[in-house]
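If you want the building blocks of each chain, they are given just below.
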Amino acid sequence: MKTIEDIFNLIKQTVNLPGEINDYHVRLSNGRFERENLIGIYKIRKGNAVDNKHHKLAEQMNNLLFGLKNYSGSLLKGVNIDNNNYIGTFYLSEDSGEVIGYLESEID
């Protein structure tokens, strides 16, 4: 089983987070997310982002949807990472060995 630090380092490699684990709040979800449900939710949210002309958010959701659709498993783990300047939601493979997709934002 991977530690929170292992998961943070995997995510850090994927999105090049500055700093170390102690600079962030890292929360692992207790449950699992079903891939098909996430695809449905993010298709709707992407449509809303497009309608509201939030192009950067729509692009991130498009990338997330691409990862979800290409993931062969049915369950994913969720991880939230944040600090004063950053917030990210990440979906990992069920064994936490791969980042399937994510949404992130810098806070002004």
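One structure accompanies this document, and this report is about it. Here the structure is a predicted model, which is why all the values come from computation and not from measurement.

As for the overall build of the protein chain
- Looking only at helices and strands, one finds 3 helices and 5 strands in the protein chain.
- When the elements of the protein chain are put in sequence order from the N terminus, they spell out α-β-β-α-α-β-β-β.
- With the C-alpha coordinates aligned to their principal axes, the bounding extent of the protein chain is approximately 40 × 35 × 20 Å.
- Counting over 108 residues, the protein chain shows a buried share of 37%.

Topic: unusual backbone geometry
- Although it is not a glycine, K53 sits at a positive phi angle of roughly 60 degrees.
- Its location among the elements puts K53 in the loop between α2 (35-51) and α3 (55-70).
- Classification of K53 by relative accessible area gives exposed; the value is 61%.
- One non-glycine residue, S96, adopts positive backbone phi at about 60 degrees.
- A relative accessible area of 2% means that S96 is categorised as buried.

As for the pattern of salt bridges
- Per the counting criterion, the structure on display carries 4 salt bridges.
- A salt bridge links D82 to R27; the shortest N-O distance between them is 2.5 Å. Residue D82 is found in strand β3 (residues 75-82), and its partner R27 is found in strand β1 (residues 25-28); the two are separated by 55 residues along the sequence.
- Classification of R27 as partly exposed rests on a relative accessible area of 41%.

So, the packing of aromatic side chains
- Under the defined criterion, the tally for this structure stands at 5 aromatic pairs.
- Between F8 and Y24, the aromatic rings sit 5.5 Å apart at their centres with planes inclined by 45 degrees, giving tilted as the arrangement. With F8 in helix α1 (residues 4-15) and Y24 in the loop between α1 and β1, this residue pair connects regions lying 16 residues apart in the sequence.
- Using a relative accessible area of 9% as the deciding quantity, one classes Y24 as buried.
- Aromatic ring contacts, followed pair by pair, group F8, Y24 and Y86 into a single cluster.

Some remarks on α3
- Look at α3: 23 Å from first C-alpha to last across 16 residues, which is about the 22 Å you get at 1.5 Å a residue.
- Among the residues of α3, those classed as buried are A58, Q60, M61, L64, L65, G67 and L68.

Quick look at α1
- Across its 12 residues, α1 extends 16 Å between first and last C-alpha, which sits within 8% of the 16 Å expected from 1.5 Å per residue.
- Contact partners of the buried residues in α1: β1, β3, β4 (86-93) and β5 (99-106).
- N16 lies just past α1 and shows a positive phi near 55 degrees.

Parameters and conventions
Residues numbered from 1 in each chain as written. Predicted model: local features only at pLDDT ≥ 70, side-chain atom pairs only at ≥ 80, totals over all residues. Heavy atoms only, no water. Helix = DSSP H or I, 4+ residues; strand = E, 2+ residues; numbered from the N terminus. Buried < 20%, exposed > 50% of the residue type's maximum accessible area, 1.4 Å probe, protein only. Salt bridge = Lys/Arg side-chain N within 4 Å of Asp/Glu carboxyl O. Phe/Tyr/Trp six-rings, centres within 6.5 Å; stacked < 30°, edge-to-face > 60°. Expected span 1.5 Å × (residues − 1). Contact = heavy atoms within 4.5 Å.

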